[in-house]
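# What the coordinates show
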Amino acid sequence: MTDLTLVNANVLTMDPDSSARPRASAVAIAGDRIEALDPDPPGSGRVVDLRGATVLPGFHDAHNHMIGFGMSLSEVDLSSPPVGSLDELYAAIARRAETTDRGQWVVGAGYDQNKLGGHPDRDALDRAAPGRRVWLRHTSGHMCVVNSVVLADLGLEEAGADLPGGRVATDSDGRPTGLLEERAQLLVGSLVYPYPLAELTEAIARAAGQYLKEGVTSCTEAGIGGGWVAHSPVELAAYQAARDQGRLGVRVELMAAREALHPLGAHEGDGLVAGLDLGIRTGFGDDWLRLGAVKIFADGSLVGRTAAMHDDYSGDGGGRGYLQADADELQAAIIAAHRSGWQVATHAIGDRAIDLVLDAYTRALAEYPRRDPRHRIEHFAVVQPGQVARAAGLGVIPVPQGRFATELGDGMLAAVGPDRHAWLYRQRSLLEAGMVLPGSSDRPVVAGAPLLGIADMVNRRTASGAPFNPGEAITAQQALYAWTRGSAYASRQEHVKGSIAPGMLADLVVLSEDPTAVSAERIAGLTVLATIVGGLPRYDAGAFDGLS
Ligand SMILES: [Zn+2]
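Conventions we followed
Residues numbered from 1 in each chain as written. Predicted model: local features only at pLDDT ≥ 70, side-chain atom pairs only at ≥ 80, totals over all residues. Heavy atoms only, no water. Donors = N, O, S within 2.8 Å, 3.2 Å for Na, K, Ca; no water. Helix = DSSP H or I, 4+ residues; strand = E, 2+ residues; numbered from the N terminus. Buried < 20%, exposed > 50% of the residue type's maximum accessible area, 1.4 Å probe, protein only. Phe/Tyr/Trp six-rings, centres within 6.5 Å; stacked < 30°, edge-to-face > 60°. Lys NZ or Arg CZ within 6 Å of the ring centre and 35° of its normal. 1 Å grid on protein atoms, 1.4 Å probe; cavity = no way out; pocket = protein on both sides within 12 Å on 5 of 7 lines; lining within 4 Å. Points joined across faces, edges and corners; volume = space filled by probe spheres on them. Arc of directions from axis to C-beta. Contact = heavy atoms within 4.5 Å. Pairing = 2+ DSSP bridges. Axes fitted to C-alpha atoms, helices over the stretch in contact; angles between N-to-C directions.

## With respect to the coordination of the zinc ion
Protein-derived coordination of the zinc ion comes from His63 (NE2), His65 (NE2) and Asp442 (OD), at a distance range of 2.1 Å. Between consecutive donors of the zinc ion, the numbers of intervening residues give the motif H-x1-H-x376-D. One end of the pair, His65, is in the loop between β8 (59-64) and α1 (66-72); the other, Asp442, is in the loop between α13 (428-432) and α14 (450-459), with 377 residues separating them in the sequence. On the basis of relative accessible area, His65 is assigned to the buried category, the value being 14%.

## A short note on the packing of aromatic side chains
As enumerated under the stated definition, the model contains six aromatic pairs in all. Plain terms: the ring middles of Trp105 and Trp135 are 6.2 Å apart, the flat faces sit at 75° to each other, and that makes the pair edge-to-face. Pair noted here: Trp105 is in strand β10 (residues 105-111) and Trp135 is in strand β11 (residues 133-138), with a separation of 30 residues, a long-range link. For Trp105, a relative accessible area of 25% corresponds to the partly exposed category. We classify Trp135 as buried; its relative accessible area is 4%. Every member of this aromatic cluster is reached through a ring pair, and the members are Trp105, Trp135, Tyr193 and Tyr195. Against the face of Tyr489 rests Arg374, its NZ or CZ located 3.8 Å from the ring centre.

## So, the layout of surface pockets
By volume, the second largest pocket amounts to about 530 Å³. What lines the second largest pocket is a set of 22 residues, among which Leu236, Ala237, Leu276, Ile280 and Leu291 lie closest to the centre. Taken together, the elements giving at least two residues each to the lining of the second largest pocket come down to α8 (235-244), β16 (251-257) and β17 (289-297). In terms of residue count, α8 provides more of the lining of the second largest pocket than any other element does, five residues in total.

## Some points on helix α11 (residues 385-393)
Within the sequence span of α11, burial applies to Gln387, Val388 and Ala391. All buried residues of α11 fall inside an arc of 110° around its axis, so they share one side. Turned more than 90 degrees away from the buried face of α11 sit Pro385, Ala389 and Gly393, all of them exposed. At its buried positions, α11 is contacted by α10 (351-367) and α13. Just downstream of α11 lies Gly395, where phi reads positive at about 75°.

## Some remarks on the sheet that holds strand β13 (residues 166-170)
Spatially, the six strands line up as an open sheet ordered β9-β10-β11-β12-β14-β13, and their pairing is mixed. For this open sheet the edge positions go to β9 (76-77) and β13, each flanked by a neighbour on one side alone. As paired strands, β10 and β11 are joined by six bridges and run parallel to one another. Note that in β11 the partner of Gly108 across the bridge is Leu136. Strands β9, β10 and β11 of the sheet are contacted by helix α2 (residues 86-98), whose axis makes an angle of about 150° with β10. Strands in contact with helix α6 (residues 185-192) are β10, β11, β12 (143-146), β13 and β14 (176-182); relative to β14, the strand with the most contacts, it is inclined by about 95°.

So, in structure tokens, the structure goes:
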């Protein structure tokens with residue numbers, strides 16, 4: 001029995017089946033599923049005239065940090081713009097400090113030293129926020145700066161410390177500057193975490209409200225429950241609470257941080273060497289909340305120049321970055337997770353880290369063959385030509401972020417130098433090698449609205465207007481496919497979502513115009529008119545009579 005039929009629409013189905021139609025003009029919904037395309041005559045239920053608006057499968061952000069984004073909405077915004085210099089950053093911190101009691105935390109996020117001329121400095125932060133605890137996260141999430149009060153809490157006021165997989169930066173006299181890289185961020189985490197579940201649930205609900213306005217119907221949270229990305233060891237419970245309260249808003253897939261996996265004591269013959277309690281793993285859950293891959297960090301950030309490269313970074317400082325753990329330990333973790341039935345999603349940005357992960361996936365598949373494991377490489381940022389073919393041969397899903405070109409592109413071009421520009425954030429060569437490309441933002445690292453990411457996958461320009469490896473640009477159709485069907489594939493969910501066909505979940509976004517029919521410059525400015533999840537309008541701009 002039909003509940004809702006959208007008529008007079010420009011439906012882009014994203015259905016890859018060659019016998020399926022690429023377009024339709026009406027879609028019928030029964031319950032939470034698509035019932036039919038172009039039903040004739042329309043069935044019972046409501047009929048809504050979309051007056052030519054474009055309908056796509058709802059956008060699926062294949063790599064985001066939903067809690068981190070929700071939390072960032074209440075932190076000091078240090079991104080550029082609005083913050084144009086270190087002095088402006090210190091002024092923003094001073095303003096927040098005025099309304100913060102002594103001893104309490106001033107938390108900011110989103111700064112990029114490439115745009116400010118350097119990292120913030122502990123002494124300047126002490127002057128801006130006297131007696132407060134200041135914690136400022138880099139836009140990459142891979143490093144942060146703290147002031148002297150926090151350094152004193154950590155016993156790092158006068159001298160640094162050696163930390164595997166991280167660094168406490170010091171000046172030429174050996175005095176900490178306040179900059180903590182990679183796993184050194186766990187030190188701050190030990191002071192502030194775990195956050196209470198109620199706070200995390202609020203962050204999820206705040207994020208969900210924003211996502212629905214932007215046409216997102218599904219997202220993949222790229223790491224919970226352990227390591228420096230986690231806010232609490234019981235983060236999954238915050239998602240469950242949000243769902244119980246009817247505030248989850250969008251369908252969520254949760255990656256478990258590798259630090260949350262542990263030996264299980266299963267029967268030797270089971271091969272379950274690493275997992276979560278009770279043996280639950282990738283795929284557990286339902287259409288609204290399910291467990292995805294295990295998230296493993298191989299290396300760090302490109303704009304922060306901590307990612308592990310084969311050759312030196314360009315310009316001042318040089319260096320080749322570093323791995324987040326010993327190479328053998330990382331490979332053993334990947335192989336154990338693979339053997340235990342997990343989909344593996346490894347963060348690898350530098351070409352050296354990518355080789356390490358490809359080696360580990362190769363060994364895992366050789367030693368413990370498994371059908372269609374769909375292992376992923378998150379970001380897949382600096383990729384040599386030979387690495388494309390290797391990854392494709394292993395069935396790896398690369399997960400790059402289109403929006404990085406605009407917001408981080410200038411810093412990336414500077415970090416690798418012209419000889420390696422053609423290796424940066426590939427897209428087209430990945431499709432040509434037969435790989436499936438998902439769409440993702442890594443929000444809150446950059447702005448997460450899918451239309452921004454889609455536009456950037458096509459336009460490939462940095463904030464300063466420089467071309468960003470333009471040979472890797474793709475078409476609007478390919479970018480839309482990535483953000484729908486591609487992301488569904490990366491989540492092993494392409495049989496229920498990512499395209500508009502009978503039997504699929506009725507997750508749809510309605511746009512003011514067709515992104516494939518406007519100039520590339522206009523894509524980012526299109527309007528989301530409605531977002532439907534499970535057959536129900538959950539965002540409605542009020543453009544159509546009778547929709548809500
Ligand atoms: Zn991420």
